[in-house]
Each structure stands twice: as C-alpha cells, then as structure tokens.
Amino acid sequence: MRPRRETLEGRVVLIQPLDSLVHGDALYEGTHADHREELWRYLPEGPFPDRSTFDTYLNRASVSEDPLFFAIVDKSFGVAVGMAAYLRIEPIHKVIEVGHILFTPKLQRTVAATEAMFLMAQHVFDLGYRRYEWKCNALNASSQRAARRLGFTFEGVFRQHMIVKGRNRDTAWFSMLDSEWPARKARFEQWLDARNFDENGVQKLSLSAING
C-alpha cells in the first residue's frame, strides 16, 4: 500500500526516486538562479544560501520516507527539472497527498509537467488509495489554478493552519477521489495524446477545457 522508491515512466517524463548525487547538479542550477525567491516562496524550506546547504537539504530529502521525494526528469533534457513528493501517507485510511512541488523554468507550462502529475496520481490510485490530496498556501494563486486544471476539487480553506517561514499560512485544500479517477484519467490521456498537439507542440484542446 505504501508507495516505494521506484521509477514511473511516461511518454516525455520520468519520475525517479530522488538521488542527491544523480539529480543534485541540475536541481541546484535550475532552482537557484535569479528566479530562486519566487520558486521557493511557498515551500517550507529554501532557497538556500549556497550549494553545501542545498546538498544537506537534498541528502535529507532523498532518504525521507514521508515525505517521499522524487525527481522529475524530462526525457528530452535527460536531467532533473523538478521535484515532487508523496506525503502524509496514511495506508489505513487510504489517503495520500502530493506536495513539495518544485518546477524549474524548464519544466513550467510544459507537457512534461502535466504528465508528471498524471503519473503520480495514477500510481497512488493503482496502489489502492481512495483519496488524493493537494494543499497549498491560500495566497498561492498559481498552485490553486494548477489544482483545478488537473481535476482536483476545491474543499475549502483552513484558516491559520500553519506558520511557515515565520508567516501565517491559510491552507487551501483540494482532493481527487478514486471514484473520480477513471474519468480524470481518461481526460488526462486525451490531453496528453500526441494528436492533441500540432507540429509546433501547441495544444489543440486545453486540459482545463477537457475537465470543464
């Protein structure tokens, strides 16, 4: 029932168990350039003052069981372009959350980004989970848009839920249920199909439109 450190493969992306030696260089380069403050704004840690501190974080993340971290590898680049994790893993209740999502500029707004989220969702439902959660800072409008686009249902806001980096966090909650997954999966597959993109890689039908 618990997700394991195993690779998930799609058409354009790989979800690989996070390995600081394999993925560290690309992830540091992709997350600590001029855009670093924006990338890490709503995450519980980071950005980091230097490579050594980042490596300490990555080493800790790579052996963590919950959260269970994965690197997102774009096949066209052959290197890690993002991270995500399963967390709050509760096999007894068959509930799991996806979080610690960090997309570098190379991954943002790409087919690979959507396929990565599809593969992670498909994996947990294949394992028998009945509830898949997405939570984010209520101020993080882009994360809320992403959750809705991917087919998660908004459930409300937990006020004064946490203190993160010394600031209050109201948390927006979203979920996807096993009963909803067959329809969600079909819509993902419809959007991800190569026939949904023209010769320039531009989508013909958006996932938001497909999901209504």
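Above this text sits the structure in question.
Residues numbered from 1 in each chain as written. Predicted model: local features only at pLDDT ≥ 70, side-chain atom pairs only at ≥ 80, totals over all residues. Heavy atoms only, no water.

Caption draft 1: Structural view of the packing of helix α1 (residues 20–31) against helix α3 (residues 51–63). At a closest axis distance of 10 Å, the pairing of α1 and α3 adopts a crossing angle of 130°. Classified by the interaxial angle, the pair formed by α1 and α3 is oblique. As α1 runs across α3, the sense of the crossing is right-handed. For the pair formed by α1 and α3, the contact residues are Ser20, Gly24, Asp25, Leu27, Tyr28 and Thr31 on the first element and Arg51, Phe54, Leu58, Asn59 and Ser62 on the second. Grouping the amino acids of the contact of α1 with α3 by side-chain chemistry returns four nonpolar, five polar and two charged. (Axes fitted to C-alpha atoms, helices over the stretch in contact; angles between N-to-C directions. Helix = DSSP H or I, 4+ residues; strand = E, 2+ residues; numbered from the N terminus. Parallel < 35°, antiparallel > 145°, perpendicular 65-115°, else oblique. Left-handed = near helix turned anticlockwise from the far one by under 90°. Contact = heavy atoms within 4.5 Å. Nonpolar A, V, L, I, M, F, W, Y, C, P; charged D, E, K, R; others polar.)

Caption draft 2: Inspection of the sheet that holds strand β4 (residues 79–90) at higher detail. Spatial strand order, β1-β2-β3-β4-β5-β6-β8-β7: eight strands in an open sheet with mixed pairing. Since the sheet does not close on itself, it has two edges, and those belong to β1 (8–9) and β7 (153–164), each with one partner. In the sheet, β4 pairs with strand β5 (residues 95–103) via six bridges, with the strands oriented antiparallel. Counted as the bridge partner of Met83 is Leu102 from β5. Sheet strands touched by α1: β2 (13–17), β3 (68–74), β4 and β5. Its angle to β4, the strand with the most contacts, is close to 100°. (Pairing = 2+ DSSP bridges.)

Caption draft 3: Spatial organisation of the side chain of Gln122. Among the structural elements, Gln122 can be located in helix α4 (residues 111–126). Residues within four places of Gln122 in sequence aside, it is in contact with Trp181 and Lys185.

Caption draft 4: The arrangement of the pattern of salt bridges in detail. Inspection of every chain in the model, using the stated rule, returns 13 salt bridges. Between Glu6 and Arg4 there is a salt bridge, with its nearest N and O atoms 3.5 Å apart. Residue Glu9 is joined to Lys75 by a salt bridge in which the shortest nitrogen-to-oxygen separation is 2.7 Å. In this pair, Glu9 sits in strand β1 while Lys75 sits in the loop between β3 and β4, placing the two residues 66 residues apart along the sequence. The structure contains a network of salt bridges with shared partners spanning Arg88, Glu97, Arg131, Glu133, Lys135 and Glu155. (Salt bridge = Lys/Arg side-chain N within 4 Å of Asp/Glu carboxyl O.)

Caption draft 5: Representation of the packing of α4 against helix α6 (residues 181–192) in the model. At a closest axis distance of 11 Å, the pairing of α4 and α6 adopts a crossing angle of 155°. Relative to α6, the element α4 is oriented roughly antiparallel. Judged by the sense of rotation from one axis to the other, the crossing of α4 with α6 is left-handed. Each of Val111, Thr114, Glu115, Phe118, Ala121, Gln122 and Phe125 in α4 lies in contact with α6, whose residues at this interface are Trp181, Lys185, Phe188, Glu189, Trp191 and Leu192. Its residues assigned to classes, the contact of α4 with α6 comprises eight nonpolar, two polar and three charged.

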